[in-house]
Amino acid sequence: STDSGGKVSRSLYFYVISFITLGMTTFGIILLIQSLLEMTFSQTIVSGPNERIALGLALSLVGLPIWIFHWRIVSKELKNDISTKNSPINAVYTYLILSISISILINSGYSVLTASIGDKEHAWYQVSSLLVLSAVWTYHWKLSLTNRGLEQNIVLIKQIYIYGTSFISLMILSFAFSGLLHSLTQLIYDSLFDNSLTLNSSENREFITGRRFISILIPSLIVWTVHWLLIAVKEESNRVKTLYLYTATIVAGGITSLIAISSLLHGVLSIIIIGTNIPESGGRIDQAPAAISALIVGLSLLYYHQKLIFEN
């Protein structure tokens, strides 16, 4: 038990140092790439590039050698000792980095797309993050694929990452798609019921809103496609997959649909039964565009995931 405790302590040391120095190196390289992109492509005077370069170099020059030294030792143990691959510390380290990387990638993707339709001069840090974190994620994902014949508790950690990422990205994707539909239905609705708005002003407002939702939709769609359609959906039935399917069916599909139907019904009853002044309201149900959009998304998710439940 003493040898086992010493081995755990040793593993903790190497993985903690690797985690910290990888973070230092990653952030340093991001700053250096950001400075290079700004000096090459920016049309405005960049503030503080020398300080950023100095910080990036300092973090990279300190973090990279220490990470390489420690990670080479870890890599040798992963190749030669199956118990190292089956270590919960290794699994937590790997999927923690994957989780952090994918979270930053979604945010960076949104920021880059938002900047591409606005102020491109402030997107260089996010572009750098996309480049560097994509490499970090790809490296650690390939590393996780080399692990075969893992113990059940390690497989469980992997499944939690895959299905957890699938679910979170699905929620973001659903929100973005519902918002995009809302912009479209609101435009149609305003043109039908609100004569005080000019078509051009309504189009311009909803177009700007729609572009923001597209900026959220694209990165979340990529992440969901990779984790769910390319990885998770092909796996055999397991407890985590079953939990994912039922949660997505109930939360994303069922609850969303019920809220949307209730909102629509409330609007209809307000006009027909409760006695809202129909001439003054013009027959408008102000919550209709949002409710219809949410209902379309909710019913689609409900149908899709129920179909998968019956297939499994």
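Residues numbered from 1 in each chain as written. Predicted model: local features only at pLDDT ≥ 70, side-chain atom pairs only at ≥ 80, totals over all residues. Heavy atoms only, no water.

For helix α10 (residues 288–311), with 24 residues, the first-to-last C-alpha span of 34 Å sits near the 34 Å given by 1.5 Å per residue. Listing the buried residues of α10 in full gives A288, P289, A291, S293, A294, L295, V297, G298, L301, H305, L308 and I309. (Helix = DSSP H or I, 4+ residues; strand = E, 2+ residues; numbered from the N terminus. Expected span 1.5 Å × (residues − 1). Buried < 20%, exposed > 50% of the residue type's maximum accessible area, 1.4 Å probe, protein only.)

What follows is about the environment of W141. Secondary-structure assignment places W141 in helix α5 (residues 124–145). The sequence separation of W141 and L98 amounts to 43 residues, and the corresponding C-alpha distance is 7.1 Å. Sequence-distant contacts of W141, that is, excluding residues within four places in its chain, are made with Y95, L98, K158, Y161, I162 and I231. (Contact = heavy atoms within 4.5 Å.)

Right, let's talk about the packing of aromatic side chains for a bit. As enumerated under the stated definition, the model contains 14 aromatic pairs in all. Where F167 meets Y244, the ring centres are 6.3 Å apart and the plane angle is 85°; that geometry is what we call edge-to-face. Taken together, the residues span a long stretch of sequence, with F167 in helix α6 (residues 152–193) and Y244 in helix α8 (residues 239–272) at a distance of 77 residues. Assessed through its relative accessible area of 21%, F167 is described here as partly exposed. Look at Y244 and you get buried, because its relative accessible area is 3%. Aromatic rings pair up to connect Y15, F19, W67, W71 and Y93 into one cluster. (Phe/Tyr/Trp six-rings, centres within 6.5 Å; stacked < 30°, edge-to-face > 60°.)

Of all hydrophobic cores here, the largest spans 46 residues; its most connected members are W141, Y161 and W228. Breaking this core down by element, the ones donating at least two residues are α1 (2–41), α2 (49–80), α4 (88–116), α5, α6, α7 (199–229), α8 and α10. Here the element with the most residues in this core is α4; it accounts for nine residues. (Core = buried A, V, L, I, M, F, W, Y, C linked by side-chain atoms within 4.5 Å.)

When their charged atoms lie close together, side chains carrying opposite charge are able to pair. Applying the stated criterion across every chain, the model contains two salt bridges. The shortest N-O distance in the salt bridge between E77 and R10 comes to 2.3 Å. Of the two residues, E77 is situated in helix α2 and R10 in helix α1; the sequence distance between them amounts to 67 residues. For E77, a relative accessible area of 25% translates into the label partly exposed. A relative accessible area of 38% means that R10 is categorised as partly exposed. With a shortest N-O distance of 2.8 Å, R52 and E38 are connected by a salt bridge. With R52 in helix α2 and E38 in helix α1, this residue pair connects regions lying 14 residues apart in the sequence. (Salt bridge = Lys/Arg side-chain N within 4 Å of Asp/Glu carboxyl O.)

With that settled, the discussion passes to a nonpolar patch on the surface. A cluster of nonpolar side chains, V8, L12, V16, F19, I20, V92, L96, I100 and I104, forms an exposed patch at the surface whose accessible area comes to about 690 Å². Looking at the nonpolar patch, the elements with two or more residues in it are α1 and α4. The biggest single contributor to the nonpolar patch is α1, with five residues. One can find V8 in helix α1. Residue V8 is classed as partly exposed on the basis of its relative accessible area of 40%. (Patch = residues over 30% accessible without salt bridge, like charges linked within 9 Å, V, L, I, M, F, W, Y side chains within 5 Å. Areas by Shrake-Rupley, 256 points an atom, 1.4 Å probe, with all protein chains shown as cover.)

So, about the packing of α8 against α10. For the pair α8 and α10, interaxial distance at closest approach is 7 Å and the crossing angle is 150°. Taken together, the axis directions place α8 and α10 in an arrangement best described as roughly antiparallel. The two elements α8 and α10 meet at a crossing, and its hand is left-handed. Taken together, the residues that form the contact of α8 with α10 break down as 18 nonpolar, nine polar and no charged. (Axes fitted to C-alpha atoms, helices over the stretch in contact; angles between N-to-C directions. Parallel < 35°, antiparallel > 145°, perpendicular 65-115°, else oblique. Left-handed = near helix turned anticlockwise from the far one by under 90°. Nonpolar A, V, L, I, M, F, W, Y, C, P; charged D, E, K, R; others polar.)

What follows is about α2. The end-to-end C-alpha distance of α2, which contains 32 residues, comes to 45 Å, matching closely the 46 Å that a straight helix rising 1.5 Å per residue would cover. Among the residues of α2, those classed as buried are R52, G56, L59, S60, G63, W67, H70, W71, V74, S75 and L78.

Relative to the helices and strands, S293 resides in helix α10. Assessed through its relative accessible area of 0%, S293 is described here as buried. The contacts of S293, once residues within four sequence positions are left out, are S178, L181, H182 and T185.

On to the packing of α4 against α5, then. Between α4 and α5, the shortest axis-to-axis distance is 9 Å and the interhelical angle comes to 150°. Considering their axes alone, α4 and α5 lie roughly antiparallel with respect to each other. Every pair of crossing elements has a handedness; the one defined by α4 and α5 is left-handed. In terms of residue class, the contact of α4 with α5 is built from 14 nonpolar, eleven polar and no charged.

What follows concerns the confidence of the model for the protein. Overall, the prediction assigns the protein a mean pLDDT of 84, with 84% of residues at 70 or greater. At the low end of the mean pLDDT range in the protein sits helix α9 (residues 278–281), at 47; at the high end sits α5, at 93. (pLDDT = per-residue confidence, 0-100.)

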